[in-house]
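Read off the chains here:
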There are 2 protein chains.
Amino acid sequence: MNPLTILKIGGNVIDNPKALTRFLTTFSMLPDTKLLVHGGGKIATDVAQKLGVETTMIDGRRITDKPMLNVVTMVYGGLVNKQIVSQLQSLECNAIGLTGADAGIIKSTKRPVKDIDYGFVGDISEIDSGRIQAFTREGLVPIFAPITYAETGDLLNTNADTLASAIACDMIYHNDVTLVYCFEKKGVLANPDDETSVINQLTPDQYREHKAADNINKGMIPKLDNAFAALSAGVKRVIICHADEVEAALTGQAGTTLRS
Amino acid sequence: MNPLTILKIGGNVIDNPKALTRFLTTFSMLPDTKLLVHGGGKIATDVAQKLGVETTMIDGRRITDKPMLNVVTMVYGGLVNKQIVSQLQSLECNAIGLTGADAGIIKSTKRPVKDIDYGFVGDISEIDSGRIQAFTREGLVPIFAPITYAETGDLLNTNADTLASAIACDMIYHNDVTLVYCFEKKGVLANPDDETSVINQLTPDQYREHKAADNINKGMIPKLDNAFAALSAGVKRVIICHADEVEAALTGQAGTTLRS
């Protein structure tokens, strides 16, 4: 099957215009069929503050009341998404910016209230992978903002890592999928205090060993659990690397490559 | 050729959630191939004010410095566009929100500085009508925010009336095009002080007569000049009507229909 590379960038790249331009320049030149999922960054928090909308985070997740949903829709779906698209267009990459609502590509359901009311937060229920494939076949490069929609017509804030992984898991029926998480470190570290201790390859067994030895930074564990779940679901490989090292990571020369 | 209806709604509809829902419900049920161009409304001005970005208007056009461009991109390209798209999705209309940058559909050039520096304002230079047709053929309903892009990668604020008319003029090679401007009055009035004096049909000759007799509201003249230019270019008909009367206007039962 035709290879597809799905990249995810987070706030640390988006908040740094030079880093973003470096990343987008690399992204625009990647030869395979590709798509990008971006997070939000601090801009949403800054805009919210100026608009008098209070930011509440619980366990690293934003609580999204209606005013915050509007901020997130503006900043992620508008400002960040369209700046990325126009920059990619100037790099001759035929980007198309999308939220889950556009072309009905990603449906979700509002997270049920248990201990915590996350507000307008969506858990993905259905992805139209055929539409994504149709776009990529037409030469378009989808750029997803982390916003989905419910059948009620509500927009819903959705975690960008989860979105990237869910798209990857659904695209396996059309493509050989590589999922690349770009973040601020050079990969998964064997010693969280040593930036040079990047683990180049990680199998589920090795991951269990590293976890048992308490080597893995706690913040990385949900990301890695998610990544191994994607591999079990049929994604060919998951790469975790620095946003500046995507090209090298894709050939195994940098970052951490996870294989099942 | 397959008919295509292009509708344009402005701030007065967008600023009124109930009016917007009424309009979108009608829009979702229109049987022909269709697309929507929306303006901005007061939300951009409100958001700008709260963010400490000053709004300057000259001759009804917004001066768009960089902070204002960011506001416009957030509000038009994000909030307004995505709220319309998700509401249409809930009405089973397969909407896809687009700025001109998305899929490189609408290129423009930054307006040259003469007497006035409009800032990041774009004059449309090229429309990929083939891409618009491809989307409509796939059953998608494009929803355009009034933002275009330059080859430099800059997003540019673009007048929504002009955008609707430019798309209409380029789609004539693919479709029999009807262009519908929805606004707050019931049509072109023979007497600006009498809301019931709607002119049902208007030819270029009749328009000249009404203009000579000083019957036409001055604010309407650029809109009408633009509309007759679209007819000269090959658009089949232009309708000017109230957003609540689109269905009746499309069968000539309301609003003003302009024919060449």
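Note that the coordinates shown come from a computational prediction; the quantities given were computed from them, not determined experimentally.

Thresholds, definitions, all that
- Residues numbered from 1 in each chain as written.
- Chains lettered and ligands numbered in written order.
- Predicted model: local features only at pLDDT ≥ 70, side-chain atom pairs only at ≥ 80, totals over all residues.
- Heavy atoms only, no water.
- Axes fitted to C-alpha atoms, helices over the stretch in contact; angles between N-to-C directions.
- Helix = DSSP H or I, 4+ residues; strand = E, 2+ residues; numbered from the N terminus.
- Parallel < 35°, antiparallel > 145°, perpendicular 65-115°, else oblique.
- Left-handed = near helix turned anticlockwise from the far one by under 90°.
- Contact = heavy atoms within 4.5 Å.
- Expected span 1.5 Å × (residues − 1).
- Buried < 20%, exposed > 50% of the residue type's maximum accessible area, 1.4 Å probe, protein only.
- UniProt positions renumbered as here; feature names shortened; annotations may be inferred.
- Polar contact = N/O pair within 3.5 Å; in protein donor to acceptor, adjacent residues only side chain to side chain.
- Phe/Tyr/Trp six-rings, centres within 6.5 Å; stacked < 30°, edge-to-face > 60°.
- Lys NZ or Arg CZ within 6 Å of the ring centre and 35° of its normal.
- Least-squares fit on C-alpha atoms with pLDDT ≥ 70 in both.

Caption draft 1: Just the packing of helix 7 (residues 204-212) of chain B against helix 8 (residues 220-233) of chain B, in detail. Residues and elements named next belong to chain B. For the pair helix 7 and helix 8, interaxial distance at closest approach is 11 Å and the crossing angle is 160°. The angle between helix 7 and helix 8 places the two elements in the roughly antiparallel class. Here helix 7 and helix 8 pass one another in a crossing that is left-handed. Contact residues: helix 7 offers Pro204, Tyr207 and Lys211, while helix 8 offers Ile221, Leu224, Asp225 and Phe228.

Caption draft 2: Broad picture of helix 2 (residues 17-29) of chain B. Under the 1.5 Å per step criterion, the end-to-end length of helix 2 of chain B is 19 Å for 13 residues, consistent within 8% with the ideal 18 Å. When helix 2 of chain B is considered as a whole, its buried residues turn out to be B:Ala19, B:Leu20, B:Phe23, B:Leu24, B:Thr26, B:Phe27 and B:Ser28.

Caption draft 3: Inspection of the UniProt feature "binding site: substrate" (unreviewed entry) in chain A at higher detail. Residue and element names in this part refer to chain A. Using the residue numbers shown here, the UniProt feature "binding site: substrate" (unreviewed entry) corresponds to Gly40, Gly41, Arg62 and Asn157. Look at the named residues: they lie 118 residues apart in sequence, but the longest C-alpha span between them is just 13.5 Å, so in the fold they bunch up. Among the structural elements, Arg62 can be located in strand 4 (residues 61-62). You can call Arg62 buried: its relative accessible area is 12%. Setting aside its immediate chain neighbours within four residues, Arg62 contacts Gly41, Ala44, Thr45, Thr55, Thr56, Met57, Met68, Val72, Tyr76, Tyr118, Val121 and Asn157. Checked against the element boundaries, Asn157 lands in strand 10 (residues 155-157). On the basis of relative accessible area, Asn157 is assigned to the buried category, the value being 8%. Not counting the four nearest positions on each side in its chain, Asn157 is found in contact with Arg62, Thr64, Leu69, Val72, Tyr76, Phe120, Val121, Gly122 and Pro146. Within the structure, the side chain of Asn157 is placed 3.0 Å from the side chain of Thr64, a separation counted as a polar contact.

Caption draft 4: Structural detail: the packing of aromatic side chains. All names here are of chain A. Under the criterion given, the structure shown has five aromatic pairs over all chains. When the ring of Phe23 is compared with that of Phe27, the centres are 6.0 Å apart and the planes differ by 25°; the resulting orientation is stacked. Note that Phe23 and Phe27 are positioned in helix 2 (residues 17-29) at a spacing of four residues, about one turn of the helix. Phe23 gets classed as buried once you look at its relative accessible area, which sits at 1%. Their ring planes at 20° and their centres at 5.0 Å tell us that Tyr207 and Phe228 sit as a pair that is stacked. Placement of Tyr207 in helix 7 (residues 204-212) and of Phe228 in helix 8 (residues 220-233) is noted, with a sequence separation of 21 residues between them. Note on accessibility: Tyr207 and Phe228 belong to one class, buried. Here the guanidinium or amino end of Lys66 rests over the ring plane of Phe120, the centre of that ring lying 5.1 Å away.

Caption draft 5: Structural context of the relation of the copies chain B and chain A. Mapping chain B onto chain A is achieved by rotating through 180° and translating by 0.0 Å along the same axis, at an RMSD of 0.0 Å. Put plainly, the chains are arranged around a two-fold axis. Distance from the rotation axis, computed per C-alpha, reaches its smallest value in chain B at B:Gly78: 1.7 Å. The residues that chain B uses at the interface reappear at the interface of chain A in 100% of cases, marking a shared surface.

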